[in-house]
Amino acid sequence: MRKLFTLLVVGLAFVVLQASAQERTISGRVTSIKDNSTVPGVSVVVVGTTIGTSTDAEGKYSLNVPSSAKTLIFSALGMKNKEVTLGASNVIDVALEEDVLKLDEVVVTALGIKQEKKAVGYAVQDVGGDALTKAGSRDLINGLSAKVSGLTVINSTGSPGGASYIRLRGFNSITGDNQPLFVIDGVPIDNSNLGSGNPDNGSNNFLESVSNSNRALDINPDDIESVTVLKGAAASALYGINAAGGAIVITTKKGGKAGPGKSVNVTFNSSIQWDQVNKLPEMQNKYVQGTGGEWYGPETGMPVSWGPMADTMSWDGSAYAWDKHGMLVSSNDPTAKEKFIPYDNLDFFQTGVTYDNSVAIAGGDDKNGFRVSLGHLKQNGVIPLSDWSRTSLKFSGSSKISEKFSASGSVDFSNSGGQRVQQGSNLSGLMLGLLRTPISFDNSNGLSDPSNPNTYSFPDGSQRNFRGGGGYDNPYWSINKNPFHDDVNRVFGYASVNYIFNEHVDVTYRLGTDFYSDRRKQAFDIGSRAFPAGQVSEEQYFYRHVNSDLLFNFKWKFSEKIGSNFLLGNNLYSRTFQQVYAQGDGLNFSGFYNMNNTMTVLSRESTTRYRTGAVFGDWKLDFASQIYLELTGRVEKSSTLPTDDNVFFYPSASVGWVFTETFGMSDNKVLPFGKLRANYAKVGHDAPPYSLRDVFVGAIPADGWTNGISFPFNGTGGYTVSDVAANASLKPEKTSSYELGTELRWLNNRIALDVSYYYSKSTDQIIPVPVPGTTGFASAYLNAGEIENKGVEAILNVTPVKTKNFSWDLTLNWSTNKSKVLSLSPGIETIGLGGFEGSDIRAIAGQPYGVIYGGGWLRNSAGQIIIDDDPTSFYYGFPLADPVLKVLGDPNPDWIGGISNTFTYKSWSLTGVIDIRQGGDIWNGTKGALVYFGMSKLTENRGTTKVFQGVKASDGAPNDIVATLTEDWYEDNGGGFGSVAEDFIEDGSYVRLRQLALTYSVNPKYLKRSPFSSIDISFVGTNLWLSTDYTGVDPEPSLTGANNSLGMDYFNNPGTKSYGVKVRVTL
Amino acid sequence: MKKIFKNITASLLLIMATFSLNSCEKTYFEGVNDDPNSPTDVPPSVLLPSIQAEIAWAQGGDMARFTSLLIQQVRGASRQFTVYETYNFTEDDFDNLWRLNLYAGPLMDLYTLNKICKDKGYIHYGAVGNIMMAYGLMITTDCFGNAPYSQAFQGTQNISPAYDSQESLYADMNTLLDEAIAALDAPDGSGVEVGSEDFVYGGDYTLWKKFAWSLKARLAIHKTKVPGSNAAADAITAINNGGFTSNSDDAQFNFYPGPTTDSPWFQYIEQRDDIAYTDSAGTLVTLTDQIMPSMNDPRRSIYLSGTTLGDFYGGETAPVFFMTYFEMKFIEAEAKERTGDDAGAQTALNDAVTAQMTKVGVSAADITTFLAANCVLTGTQQDKIDQIMTQKYIAMYLQPEAWTDWRRTNIPALTSNLSGSQIPRRFIYPQSETDNNKASRDAAVAAMGCGSNSLDCRVWWDQ
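Criteria and thresholds
Residues numbered from 1 in each chain as written. Chains lettered and ligands numbered in written order. Predicted model: local features only at pLDDT ≥ 70, side-chain atom pairs only at ≥ 80, totals over all residues. Helix = DSSP H or I, 4+ residues; strand = E, 2+ residues; numbered from the N terminus. Buried ≥ 20, exposed ≤ 12 C-beta atoms within 10 Å, placed from the backbone. Contact = placed C-beta atoms within 7 Å. Rg over C-alpha atoms; globule rule 2.2 N^0.38 Å. Pairing = 2+ DSSP bridges. Nonpolar A, V, L, I, M, F, W, Y, C, P; charged D, E, K, R; others polar. Axes fitted to C-alpha atoms, helices over the stretch in contact; angles between N-to-C directions. Parallel < 35°, antiparallel > 145°, perpendicular 65-115°, else oblique. Left-handed = near helix turned anticlockwise from the far one by under 90°. Domains from an automatic or database assignment. pLDDT = per-residue confidence, 0-100. Expected span 1.5 Å × (residues − 1).

A.B. asks: Teacher, can you tell me more about the overall build of chain B here?
C.D. replies: Regarding its fold elements, chain B presents 20 helices and six strands. Viewed in the frame of its principal axes, chain B has a C-alpha envelope of about 120 × 55 × 45 Å. By the burial criterion, 53% of the 463 residues in chain B qualify as buried. Once local pairs closer than 6 in sequence are excluded, the contacts in chain B between residues at least 24 apart make up 75%.

A.B. asks: Sorry, what's going on with the overall build of chain A here?
C.D. replies: The number of helices and strands found in chain A is eleven helices and 59 strands. A globule of 1067 residues ought to have a C-alpha radius of gyration of about 31 Å, and chain A, at 32 Å, matches this closely. Referenced to the eigenvectors of the C-alpha coordinate spread, the extents of chain A come out at roughly 110 × 70 × 65 Å. Within chain A, contacts between residues at least 6 apart in sequence are counted, and of these 67% link residues at least 24 apart.

A.B. asks: Sorry if this is basic, but what is going on with the sheet that holds strand β21 (residues 328–330) of chain A here?
C.D. replies: The strands making up a sheet are joined through hydrogen bonds of the backbone, oriented either antiparallel or parallel. Residue and element names in this part refer to chain A. Spatially, the three strands line up as an open sheet ordered β21-β20-β22, and their pairing is antiparallel. The open sheet has two edge strands with one neighbour each: β21 and β22 (338–339). Taken together, the three bridges between strand β20 (residues 313–315) and β21 define a ladder with antiparallel strand orientation. Bridging from a neighbouring strand, methionine 313 pairs with serine 330 of β21.

A.B. asks: Whenever I open this one, the interface of chain A and chain B confuses me. Can you help?
C.D. replies: Interface size is commonly expressed as the accessible area that is lost once the parts come together. In this complex, chain A contributes 89 residues to the contact, which on the side of chain B involves 83 residues. Mapped onto the side of chain A that touches chain B, the elements with two or more residues apiece are α1 (2–13), β29 (535–557), β30 (562–587), β31 (598–623), β35 (696–698) and β36 (719–721) of chain A. Classifying every residue of the side of chain A that touches chain B by side-chain character gives 41 nonpolar, 35 polar and 13 charged.

A.B. asks: Help me understand the packing of helix α15 (residues 342–360) of chain B against helix α17 (residues 381–395) of chain B in this model?
C.D. replies: All names here are of chain B. Where α15 contacts α17, the axes come no closer than 10 Å and their chain directions differ by 15 degrees. By the criterion of interaxial angle, the relationship of α15 to α17 is roughly parallel. Crossing angle aside, the handedness with which α15 passes α17 is left-handed. Of α17, the residues touching α15 (which contributes Ala345, Leu349, Ala352, Val353 and Gln356) are Lys384, Ile388, Gln391 and Ala395. Split by residue class, the contact of α15 with α17 holds six nonpolar, two polar and one charged.

A.B. asks: I tried to follow the domain arrangement of chain B on my own but got confused; where do I start?
C.D. replies: Residues and elements named next belong to chain B. Taken domain by domain, chain B holds domain 1 (42–200 + 419–463) and domain 2 (268–312). Once you take the C-alpha centre of each, domain 1 and domain 2 turn out to be 29 Å apart. In this assembly, eleven residues from domain 1 lie in contact with ten residues from domain 2. Counting only elements with at least two residues in the side of domain 1 that touches domain 2, the list comes to β1 (75–76) and α4 (80–85). The class makeup of the residues in the side of domain 1 that touches domain 2 is three nonpolar, five polar and three charged.

A.B. asks: Before we go on, may I ask you to explain the sheet that holds strand β55 (residues 985–987) of chain A in this structure?
C.D. replies: Residue and element names in this part refer to chain A. Read across the sheet, three strands follow the order β55-β51-β58 without closing on themselves; strand pairing throughout is mixed. With one partner strand each, in any of the chains shown, β55 and β58 (1048–1049) form the two edges of the open sheet. As paired strands, strand β51 (residues 921–924) and β55 are joined by three bridges and run antiparallel to one another. Each residue of the ladder has a partner; that of aspartate 921, found in β55, is aspartate 987. Across the sheet, helix α9 (residues 925–933) is in contact with β51 and β58; its angle to β51 comes to roughly 30 degrees.

A.B. asks: Teacher, can you tell me more about the environment of alanine 58 of chain B here?
C.D. replies: All names here are of chain B. Considering the arrangement of structural elements, one finds alanine 58 in helix α3 (residues 48–70). The exposure class assigned to alanine 58 is buried, which follows from the 28 C-beta atoms found within 10 Å. In the structure, alanine 58 is positioned 45 residues away from tyrosine 103 in sequence and 10 Å away in space, judged by C-alpha atoms.

A.B. asks: Looking at this model, I keep getting lost on the domain arrangement of chain A. Mind explaining?
C.D. replies: Under the domain assignment used here, chain A contains domain 1 (22–96), domain 2 (140–256 + 263–275 + 353–428 + 474–696 + 741–850 + 891–920 + 991–1066) and domain 3 (866–889 + 923–987). If you average the C-alpha positions of domain 1 of chain A and of domain 3 of chain A, the two centres end up 78 Å apart.

A.B. asks: Sorry if this is basic, but what is going on with the confidence of the model for chain A here?
C.D. replies: Parts of the model with low pLDDT should not have their predicted coordinates read in detail. Residues of chain A with pLDDT of at least 70 account for 93%, and the chain-wide mean is 86. Predicted confidence for residues 4–21 of chain A stays below pLDDT 50, and this span has 33 contacts to residues more than four positions away or in other chains.

A.B. asks: I would appreciate a short explanation of α15 of chain B in the present structure.
C.D. replies: Counting along an α-helix, one turn takes 3.6 residues, and residues three or four places apart therefore face a common direction. Residue and element names in this part refer to chain B. With 19 residues, α15 ought to run about 27 Å at 1.5 Å a step, and its terminal C-alpha atoms sit 27 Å apart, in line with that. Taken together, the buried positions of α15 are Ala345, Ala348, Leu349, Ala352, Val353, Thr354, Ala355, Gln356 and Met357. Buried-residue contacts for α15 involve α14 (325–338), α16 (364–374) and α17. Glycine 361 occupies a position one or two residues after α15 and carries a positive phi of about 105 degrees.

A.B. asks: Please clarify how unusual backbone geometry should be interpreted in this entry.
C.D. replies: Across residues other than glycine, the phi torsion is negative in most instances, and most of the peptide bonds are trans. Cis geometry marks the peptide bond from phenylalanine 711 of chain A to proline 712 of chain A, where omega comes out at 0 degrees. Within the fold, proline 712 of chain A resides in the loop between β35 and β36. Of note, the amide linkage connecting isoleucine 411 of chain B to proline 412 of chain B takes the cis form, showing an omega dihedral of -5 degrees. Looking at where proline 412 of chain B falls in the secondary structure, it is placed in the loop between α18 (400–409) and α19 (431–436). Its identity as a non-glycine residue notwithstanding, leucine 385 of chain A has a phi of 70 degrees, on the positive side. Counting through the fold element by element, leucine 385 of chain A comes out in the loop between β24 (368–380) and β25 (387–400). Residue class for leucine 385 of chain A comes out partly exposed when judged on the 17 C-beta atoms lying within 10 Å of it. In this structure, leucine 398 of chain B is a non-glycine residue whose phi angle is positive, near 65 degrees. Mapped onto the elements of the fold, leucine 398 of chain B is located in the loop between α17 and α18.

Structure representation (structure tokens):
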């Protein structure tokens, strides 16, 4: 393979020619065909060189060109490019046509290569920087929500700095990362979502602890010029391994010539937004703490709320440590003084506020450009004492150093971090403690300041909560006494040089790096329920990668009509990741959160290194601008595969046919542009590092209910055989995909439609296949498993109304993806992806990826539920549980879509984005638990009778037994801690108003005398309206963060809606 | 032409430098995929301590909690334990125990340890390993029934290990113990001996031999219901050959104060606390609310502290007992009674109760009073066995072995918590075996004569 490339390249190298030295001056004027007006800012470039200039305010230009120069190309945004051959005359005036069809629109594809969109043979969609930030989005991934068809964005929590999960076209890797690669200016950057906590706990850390960020949050959206989403494998075949899930290619703003009469452009952005919780689970407020209809106060540690009815109770005014009003007695009791009024503990949440400010200075001239930007975002969350902030500073510059040589570079410094809140299955988890609190206990103790110690503790320091100091943390305790801080310092950037040999050959070398240190500190004070003796842990992550690209580009024409371009490249990528974790258990005294104040310290360290090297080629052919053909091939070697078999080859082929050109339809009034495209590609994944040899690991005996013990134990070290069996002959995973698509534009581009259909199949999945524990291992790395994905993506752009003053643009995008795990490994039916005992997320052969698996009701062959009709049985009159677990639901939606409306009237514009998800089940574990505790609204029916629908166990007759819905039932299979999860699977469909922005742009004529070029004021809102049948918090977030196991809600922190004001000023 | 040739050289050099990865390649990838975080070979001295800790956690964790619930030494107070109280167990509930706490944990480590010892000729170390293996297998099979052993631990070489019958496992365990006892007396030229890393005995081979003989006694007495076995006689033989001689011989695993070294019961109470030890909302716990008060048992205020466990069994340093001197004495008492040696049985019973009471901290005077009031054997042979086993039930508080004794003798008489259901007689094979080893699992279920993988099916020695 390599020899072939070398020969080919050597052959083409013969084509190199030298330039000669003589020059002449060409000048002229550029006008617009439409109205004969002059056009400023038009780029005039000698084809095949970097020699160029722009037209001035009067549309005039003047350029020194060498005698060998043959053609000039004139280009401007919104106009069709025009090439003019140089002749004898030194004056060339040009009239440019409006590019209504946007045919010369350029998209940035893999490796930062710009291509005309019409020449691209695969599905590509781009989003402009403005569209990302218009409605005040605070981060890049959020800004992409509902704008790109086939792109799923899931925010894992409404907490500030919480991770967002992003996915294109379904799941192609069963256990690997399915998120797309993030590329900035041609260089990959890291988007990890690193968990917190003792690394011994593995992925269980995502079920509890805090919601950590994914690193794409470090990017300031105001720095983004545009984002191109490369959806399928063909689009990212050039990136190889890391882009099996597609690629998000980001181009940042660069400097350039400032406007007429100015040396620099200055832009200020400032916004303030308020956040509120948008949805909370439905709770009951009728029954107080207790069991069996009797009140039990906090001092008894009573966990549940099955006490008497609130409106039969009063306070007795006695001196009672747990409530200012006294103890609760029946209203008929002689000691009753004051009628009991239920407490609303959900008023714990506050209105959060976010300040986002940035300033950018950009400037340059014909040859050079620079841009400096500084941004600061500070977000105070809806949960008191939670916050997150980001400061970013970016320098970028580019320069045409000579005719043939140009260079560019950029560096981005970013510092982010905040104070985060415990969530999930964790005794100190905020929602866990908050939602289980009975209505007869006031977590705030009647006080309004959330940091007042009297809300959560007594003068002696012991905790004040509804379980007498045991059970779960009072949410006020949790936010004050379980602080978590993280601090990330990051630098990423690149430097690149480009040398043009001649009009046929140029070479680019680009070196990029991304490194960051992420330091986290978590403390639990003495008395915290998760770690009653107290704990301080310090975690340090250090990440660094270096990416090197060497690209040779060859352009030539076989004939007048047939053009060709060949790119040959070499890529080297090296990554190092280090983690040091120190955990101090048992604080010597409370309130001082430092490792030095702890009694026993354990520590863990790990280093992971990873390298790949690849050679790739990309050959494009262009037949008369009608048929486009592209072939790519990449040969790659990875450090994680066995050394005698670690090379793999990924090809792709795409073809695009602009059939309207072929049939001479470009002047057609109805359908001036139509294109068909098809492609095939193969990409893949390699193995996780260090999976080839069996190892021993430190022993950490534990079980599902206790934290366990760890080694060194009493001064002695202990190792155990790792639970994961290695495999010395692993092969790479492969994904083959096919895509068909079409792009059609009607009625002068008033209607544009882009539809794609794709099918992909992934084989040889490297999965830690669960093996029976009796083999001595819990799982083994095997190449096994096949998974297929197919779907349709459609984007429709319509401009229903367009007049001089008013226009209405509408974009609809819609997509559906169906995944199916075709097979796993012989004898293996299921692989767990995450979750809890009794309801977890799995990959199961024959099912869509990531289904919810758990206990259901026992049914007969006709699907009817079987009811226990044995009068002596505890379950008499109640449905029976099926001891065999089964698939209960599918978190994958049937389809997702977005509707984007923009109305523009003179200086006003109104944009709204509606986000729709149809289907997608969620396991509402929160509700299940709250039913057990008697706090769910569902349990208001306690004590009532019910005839369950079903048939009797003994004879199959329709059920008529009257059963009473008692505490015992709800504490058993009627609630979430029994063996049946079926009733708590809900449909997570929703329609929401994702973004709304009303913008007023001050008319430029009013600003002529002022230093300002433009002033835009917007009223923005996010998530303002949500319609869903889901009964818990916002159905979008997922407990486990940016991870493959979606669809779980177990005391997730709630989602938020926000509204605010944004101002943008340019000088 | 000349220009072209000049450029070719330049281009060629550039291209060769770029694309000839061959020489640089090796250095570029060299060592990158060697795991710096986990070793591929370790000495036995770091495996033994983890094995002991893992078995202690398995036995003192889910196993002790489930078994003491079943024989009503405790009750379920909240959440999942109220569900277990009515024997509403699913296969999922036993997954962690079987898979992570036994097979893929200490049992695999034992297999690996024994292999290392065999390969390198560590005779004494291997003997200690064999004794621990026998113990690990015993607690596994006594709970679950048939279990893989001869085909287990082969990793991807055999991903569907067949289950060995309990009868053959008992034979294997006896062989392991016999070989170990012999090996401890044999010379060992390797120079590698068990040392202070041994949490149980600190490398004292004399005590290991006593442990091995006592285990053989326990294995023997389990067979009281197996036709054609000499359960009682074999037990007495083993004890006489070299069983424990005092409380200081006890094989136990100790814990230490601190969040990463606390005992399993302490951690459970602190972190979950779903179990009740006495009078939970008006429902009586058989051991602590019925039997102990009926005997004025002074241990009640040691076992319990208020409504929770006392320090001896529930404190940070509460040990997990693998096998104790007092248990061995109870075995001796029962065995002697069954062989008609009334006097011997009486002595052994007194020794057993005295030893256990001394161990938990009862005063000598109280012991004497208690013995006189409750430990005088009277009545028929069955009555006497009844008395012995009742005393053993009290003494073996929170020990999984107590459930084995109850299944064997049906003493004390217990009423099921769920009318219409019986008290479970085994743990069911876990979810992971259904998911990944179904054929072998089904064969085992059939071989045991169970209609399905049920809690009610009886193991080989429980017919």
